[in-house]
Amino acid sequence: MKQMTNFESPNPAHRNSLQPLRVHLHTTQLFGPSDPFLLKVLDAAVWYAAKSTHRIDFDIFFHPTRNPLNIVGFALSLKSKILSIAKINLYSLGGLLSLNLSKKIDPKQKEFRENSNNSDIIEGCFKISGLAIRLKRFQHPLYHSLRAWAFSHRKGLQLFISCFGARGFEGKKLLKLNYAEICIGDLVASSTFRLRPYGGGSLSRSKLAVLEQLIDAVAIIEYIKKNVPQFTSVKDQIKHLVLVREPTYLDAIYTRKLAKLDLDVVEWYPYDAIYRKTQGQHYRPFEERMVKLTGQSGSAGSIAKAQQYLRERTEDPSLQLSYLKKAANISKVLEDENGVVIEADGPRVNVGIFLHSFNDAQYVYGPDGFSDLYEWAVFTVETLLSNPVVDKVIIKPHPNVDYRNYPGDKIAIQKLRQAYPTSSKLKWASVNSSPVAFNRSGQMIGVTHHGSMAEELVFLKVPVIASIYAPWSRNYQFLKTWVSPSEYKELLLGDLRAFRVSDEELDNLFAYVTEARLKTAITMEERYPWYSYLKMKSMDTKGSFFEVMSLARKELDENGLDENLLQFLELQHQKYCAND
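Predicted model only: the values in this text are computed from it and were never measured.

Comments concerning the confidence of the model for the protein
When pLDDT is averaged across the protein, the result is 84; 87% of the residues are at 70 or more. The element-level mean pLDDT for the protein is lowest in helix α3 (residues 107-115), coming to 31, with strand β17 (residues 464-467) highest at 98. The low-confidence segment residues 1-17, where pLDDT is below 50, has 58 contacts with residues more than four positions distant or belonging to other chains. Under a pLDDT of 50 for its full length, residues 82-121 has, in the predicted model, 72 contacts with residues more than four places off or in other chains.

Here you go:
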């Protein structure tokens with residue numbers, strides 16, 4: 001490795017000049033040298049350094065999460081014809097994508113590519129504010145022997161068989177599945193939906209893909225066990241951290257397993273911070289995004305701010321929720337997808353079901369007793385249709401669904417529409433129908449699993465039934481919540497006409513909004529550093545999340561670890577030091 005670029009600036013006042021603290025940051029593989037996740041890893045490193053009282057000497061190791069030698073995965077790829085044989089990207093034994101050698105390489109990138117050793121991982125060293133960062137490939141392969149390869153397949157198959165019962169494959173058994181002292185079932189299920197979306201968010205339609213992910217999960221765990229000394233060495237007083245791409249997919253096996261070895265976990269999805277460091281012994285899956293209970297009653301001023309925030313959000317949610325598509329959920333008239341007004345002002349109660357993504361992070365708040373959100377949706381529709389006090393059931397797909405990037409959502413919606421076509425008692429609302437539109441349509445009850453529109457509906461005094469496996473958890477009681485499917489069924493079959501939003505629930509809503517939305521208000525631009533990177537280069541970041549990510553990928557592909565990127569990291573480091 002050679003040193004690529006140095007940026008020297010005065011060290012922060014609190015940084016001492018003693019021997020630097022050596023830190024090994026363990027993270028998961030990149031998908032090509034232009035993967036924007038590289039920016040997140042580097043940003044987390046400069047954040048950690050800014051918060052430390054020592055000078056930091058960082059080694060960042062990228063570990064494998066994908067298994068190129070998974071027989072089931074290879075067969076599924078061929079069967080589904082997702083990729084032609086000529087376009088299949090084979091993974092190296094280290095779990096790293098091979099380069100497309102047919103691609104023209106810009107002369108100015110030749111040295112960069114050669115330094116990368118013909119792999120997708122950038123190897124290099126650079127300094128900012130005295131902080132040394134080295135990017136390294138972990139030298140150990142995912143499989144160290146043919147025996148290890150065979151073991152992962154055999155053990156994966158055994159775990160798969162254990163998920164069957166008298167009625168065949170049971171998703172609930174999978175979600176409770178443990179291996180090597182950690183729960184892997186929810187991670188396997190989430191990766192199944194994300195990587196093999198043909199099941200449309202239903203585990204029962206994704207059995208072979210589940211087997212594929214179980215084999216990979218076993219391989220990753222055995223890889224960690226084989227290399228434990230590299231993760232826990234205290235020689236030369238090395239500090240070990242773990243940060244993974246996502247907390248809901250197979251990447252999180254590293255988090256859960258290494259946390260048990262008492263490595264500190266760097267979380268990058270907490271609702272109240274860009275990053276949070278948690279000691280391994282205190283790490284709890286699913287708690288990262290759940291909003292803490294402050295225990296403080298709202299002041300008149302904070303309540304007024306929460307009310308103003310919610311008034312603005314009911315007019316145009318995308319102005320307050322940065323992840324929503326622009327001008328989403330703004331129609332004040334309840335219409336179907338053809339623009340026909342849905343008449344829902346009869347004497348009986350109407351229920352709006354607000355669907356979620358079936359493709360992405362289903363179990364981000366933990367398993368809830370249902371196998372998956374598709375099962376939850378079917379159960380919800382069937383139960384409400386059998387309730388005699390319900391006049392109309394109105395289903396609304398999520399306004400942020402992107403069928404191109406999440407094809408499983410398209411499959412799920414198509415299957416639900418086929419199973420539950422429009423009728424006198426069941427309607428499909430336009431994705432742009434706002435909570436205001438639902439509120440204007442007779443007596444309405446909202447039903448969601450963990451959706452943010454619950455806040456807007458309750459503010460409009462529309463009662464909402466929701467799960468506790470959500471950001472509000474048990475802490476903020478402004479909804480009619482359930483803990484188990486049996487409790488849920490009891491709520492759905494009850495006399496919904498008697499449901500009202502109480503003053504106490506409104507107070508709890510305002511307290512929740514104050515803590516979750518106003519006190520911290522972490523935006524997409526703050527959460528994902530490629531927004532700031534592109535803005536520094538005076539580039540447009542007003543597109544969708546995937547458009548901005550694609551633009552960042554293109555910039556990294558063309559420029560790599562150039563001076564612009566390192567200057568960006570320098571600015572981020574200064575920002576984090578200033579906020580210390």
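Considering the packing of aromatic side chains
How two aromatic rings sit relative to each other is set out by the distance from centre to centre and by the angle between their planes. Per the stated rule, a full pass over the model turns up 28 aromatic pairs. Their ring planes at 70° and their centres at 6.3 Å tell us that tyrosine 275 and tyrosine 576 sit as a pair that is edge-to-face. Separated by 301 residues along the polypeptide, tyrosine 275 in the loop between β11 (264-267) and β12 (276-278) and tyrosine 576 in helix α20 (residues 563-578) bring together distant segments of the chain. Just as tyrosine 275 is buried, tyrosine 576 falls in that class too.

Brief notes about the side chain of aspartate 35
Take aspartate 35: it is sitting in the loop between β2 (21-28) and α1 (37-51). Residue aspartate 35 is classed as buried on the basis of its relative accessible area, which comes to 2%. There is a polar contact of 2.4 Å between the side chain of aspartate 35 and the side chain of arginine 245. For aspartate 35, the residues in contact, after removing those within four places along its chain, are Leu30, Arg245, Arg553 and Leu556.

A look at the sheet that holds strand β14 (residues 390-396)
Across the sheet, which stays open at both edges, the 6 strands sit in the order β15-β14-β13-β16-β17-β18 with parallel pairing between neighbours. A single partner strand is all that each edge strand has here, and the edge strands are β15 (426-428) and β18 (480-482). Taken pair by pair, the neighbouring strands of this sheet meet at an average axis angle of 20°, ignoring direction. Together, β13 (349-354), β14, β15, β16 (444-447) and β18 form the strand contacts of helix α11 (residues 373-385), whose direction differs from that of β13 by roughly 175°.

Details of the packing of helix α10 (residues 300-315) against helix α16 (residues 503-518)
For the pair α10 and α16, the least separation of the axes is 9 Å and the interaxial angle reads 80°. One finds that α10 runs roughly perpendicular with respect to α16. In contact with Ser302, Ile303, Lys305, Ala306, Gln307, Tyr309, Leu310 and Arg313 of α10, α16 contributes Leu509, Phe510, Val513, Thr514, Arg517 and Leu518. Its residues assigned to classes, the contact of α10 with α16 comprises 8 nonpolar, 3 polar and 3 charged.

Considerations on the packing of helix α7 (residues 207-226) against helix α9 (residues 252-260)
Between α7 and α9, the shortest axis-to-axis distance is 10 Å and the interhelical angle comes to 40°. As summarised for this structure, α7 and α9 are arranged oblique, according to the angle between their axes. Every pair of crossing elements has a handedness; the one defined by α7 and α9 is right-handed. Contacts between α7 and α9 involve Ala217, Ile220, Ile221, Tyr223, Ile224 and Lys225 from the former and Ile253, Tyr254, Lys257 and Leu258 from the latter. Within the contact of α7 with α9, the residues separate by chemical class into 8 nonpolar, no polar and 2 charged.

Scoring rules and cut-offs
Residues numbered from 1 in each chain as written. Predicted model: local features only at pLDDT ≥ 70, side-chain atom pairs only at ≥ 80, totals over all residues. Heavy atoms only, no water. pLDDT = per-residue confidence, 0-100. Helix = DSSP H or I, 4+ residues; strand = E, 2+ residues; numbered from the N terminus. Contact = heavy atoms within 4.5 Å. Phe/Tyr/Trp six-rings, centres within 6.5 Å; stacked < 30°, edge-to-face > 60°. Buried < 20%, exposed > 50% of the residue type's maximum accessible area, 1.4 Å probe, protein only. Polar contact = N/O pair within 3.5 Å; in protein donor to acceptor, adjacent residues only side chain to side chain. Pairing = 2+ DSSP bridges. Axes fitted to C-alpha atoms, helices over the stretch in contact; angles between N-to-C directions. Parallel < 35°, antiparallel > 145°, perpendicular 65-115°, else oblique. Nonpolar A, V, L, I, M, F, W, Y, C, P; charged D, E, K, R; others polar. Left-handed = near helix turned anticlockwise from the far one by under 90°.

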